Amino acid sequence: MKRREEKIGFEIRRLDHMLGRNMQAHVRAAGIDEVTLMHGWIIRYLYTNQDKDVFQKDIEQYFSIGRSTVTNIIQLMERKGYIARESVEHDARLKKVVLTEKGIRNQEMLEDLVESLDTRLVDGITDEELYVFYSVIEKLKRNLTKQICSDGRKEEFDDPNFIE
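Residues numbered from 1 in each chain as written. Predicted model: local features only at pLDDT ≥ 70, side-chain atom pairs only at ≥ 80, totals over all residues. Heavy atoms only, no water.

Caption draft 1: Representation of the packing of helix 2 (residues 37-48) against helix 3 (residues 56-63) in the model. Two elements in contact, helix 2 and helix 3, have axes whose closest approach is 11 Å; the angle formed by their N-to-C orientations is 115 degrees. At the point where helix 2 passes helix 3, the crossing takes the right-handed sense. When helix 2 is examined against helix 3, the residues M38, W41, I42, Y45 and L46 are found in contact with a partner set consisting of D58, I59, Y62 and F63. Tallied by class, residues from the contact of helix 2 with helix 3 come to eight nonpolar, no polar and one charged. (Axes fitted to C-alpha atoms, helices over the stretch in contact; angles between N-to-C directions. Helix = DSSP H or I, 4+ residues; strand = E, 2+ residues; numbered from the N terminus. Left-handed = near helix turned anticlockwise from the far one by under 90°. Contact = heavy atoms within 4.5 Å. Nonpolar A, V, L, I, M, F, W, Y, C, P; charged D, E, K, R; others polar.)

Caption draft 2: Layout of empty space enclosed by the protein. Under the counting rule described, the total for this entry stands at one cavity of 30 Å³ or more. Taken as a whole, the largest cavity spans an internal volume of roughly 90 Å³. Around the largest cavity, the lining residues are M23, Q24, V27, V35, T36, L37, G40, W41, R44, Q107, L110 and V114. If you list the elements that add at least two residues to the lining of the largest cavity, you get helix 1 (8-29), helix 2 and helix 5 (101-121). With four residues, helix 2 is the single largest residue contributor to the lining of the largest cavity. Broken down by class, the residue content of the lining of the largest cavity amounts to seven nonpolar, four polar and one charged. (1 Å grid on protein atoms, 1.4 Å probe; cavity = no way out; pocket = protein on both sides within 12 Å on 5 of 7 lines; lining within 4 Å. Points joined across faces, edges and corners; volume = space filled by probe spheres on them.)

Caption draft 3: Structural view of unusual backbone geometry. The phi dihedral of S64 is positive, around 55 degrees, even though this residue is not glycine. Mapped onto the secondary structure, S64 falls in the loop between helix 3 and helix 4 (67-79). By relative accessible area, S64 is classed as partly exposed at 28%. (Buried < 20%, exposed > 50% of the residue type's maximum accessible area, 1.4 Å probe, protein only.)

Caption draft 4: Representation of the packing of helix 2 against helix 4 within the structure. Viewed as axis vectors pointing N to C, helix 2 and helix 4 meet at an angle of 85 degrees, and their least axial separation amounts to 11 Å. Taken together, the axes of helix 2 and helix 4 are roughly perpendicular relative to one another. Where helix 2 approaches helix 4, its residues M38, H39, I42 and I43 are matched on the opposing element by I73, L76 and M77. The residue makeup of the contact of helix 2 with helix 4, split by class, is six nonpolar, one polar and no charged. (Parallel < 35°, antiparallel > 145°, perpendicular 65-115°, else oblique.)

Following this line, the structure appears as structure tokens:
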């Protein structure tokens with residue numbers, strides 16, 4: 001059992017790093033190593049939302065990452081042939097982000113890897129423990145999004161790089 005003095009942010013960061021390395025190893029073993037972990041999560045998000053128009057802003061909000069970061073990721077994924085940007089009928093200035101056939105095939109291969117990782121992660125963990133885990137995660141996210149400034153103002157932070 002971890003003590004309260006141990007830094008939760010460090011443990012979360014370390015777990016994130018372990019998850020990333022583990023997933024990348026399995027992705028490489030499956031022969032799809034040109035996809036970064038973040039690209040995989042975005043491809044999955046687009047795959048599960050194929051019935052909706054998804055815009056860059058939706059990706060920014062869902063993953064809590066900044067506009068310039070998402071712009072760079074989308075441009076790279078477009079160059080690699082996983083996604084395309086298409087105009088929408090009601091506003092030619094807006095570009096929705098859609099998966100290409102290559103992106104769809106990639107997602108279908110990655111889905112098995114993600115399911116396997118999730119199964120291994122929860123091995124030996126009860127449903128009650130998972131409920132508590134997700135409850136704590138939600139509270140941590142709420143705590144991070146609302147910070148009180150030194151002058152007493154509340155400020156919203158939804159950039160995961162804020163703590164770095």
